[in-house]
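What follows is the residue order along each chain.
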Amino acid sequence: MAALCSAVGVSLGAVVRFLVPSVFYGPPQSFKIGNPGDFPYGPPTFLADEKIFVFRDRERGFAVASAVCTHLGCTVAYFQNDRDFHCPCHGSVFSPTGAVLHGPAPRPLNWFEITLTRDGQLRVDKDKTVPPTYRLMV
Ligand code: FES
């Protein structure tokens with residue numbers, strides 16, 4: 001009887017291990033977004049799939065801001081007239097540097113590291129937050 005219980009226990013353990021994945025997949029946090037020349041100067045380019053704004057400035061280079069509101073995660077919009085980020089869900093407003101101007105957002109928007117790869121493409125790493133003053137000159 002003990003051998004039977006042991007065999008059943010081992011089998012159940014194998015079934016549970018098979019059903020519960022040991023690796024969870026999510027979108028990659030580091031990804032290429034294209035060549036520098038793909039991005040215009042002036043208002044930022046919004047990449048909807050990645051939920052980021054890519055800024056390109058002639059004198060200061062590239063910067064990447066998160067489009068995810070720090071309140072409950074809605075996607076913010078960038079308004080060229082005041083250069084602020086506005087959240088459509090509960091009215092939070094963020095300054096051009098991502099600082100909270102009007103709540104309920106509790107924290108500033110994140111800014112992410114942007115680098116140039118060997119093949120000349122821009123890479124964004126959402127695991128690496130940087131100060132809003134961070135720039136990549138290309
Ligand atoms: S999710 Fe942006 S203000 Fe609530």
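Before any of the text, the structure's been laid out above.
Every value quoted in this text rests on a predicted model; they were computed, and no experiment measured them.

Here we look at the pairing of strand 3 (residues 52–57)
Burial of strand 3 is extensive: five of the six residues sit out of reach of the surface. Bridge count for strand 2 (residues 45–47) against strand 3 is three bridges, and the pairing is antiparallel. When the sheet's bridge partners are listed, T45 is paired in strand 3 with V54. Once strand 2 ends, the chain turns through four residues before running back antiparallel as strand 3, passing K51 with a positive phi of about 55°.

A closer look at the environment of I33
Counting through the fold element by element, I33 comes out in strand 1 (residues 30–34). Between the C-alpha atoms of I33 and V124, which are 91 residues apart in sequence, the distance is 7.2 Å. Apart from the residues lying within four places of it in its own chain, the contact partners of I33 are L47, V54, L122 and V124.

Quick notes on the environment of D38
Position of D38 among the secondary structure elements: in the loop between strand 1 and strand 2. Each C-alpha atom, one on D38 and one on L122, is 9.9 Å from the other, the two residues being 84 residues apart in sequence.

Conventions used here
Residues numbered from 1 in each chain as written. Predicted model: local features only at pLDDT ≥ 70, side-chain atom pairs only at ≥ 80, totals over all residues. Buried ≥ 20, exposed ≤ 12 C-beta atoms within 10 Å, placed from the backbone. Helix = DSSP H or I, 4+ residues; strand = E, 2+ residues; numbered from the N terminus. Pairing = 2+ DSSP bridges. Contact = placed C-beta atoms within 7 Å.

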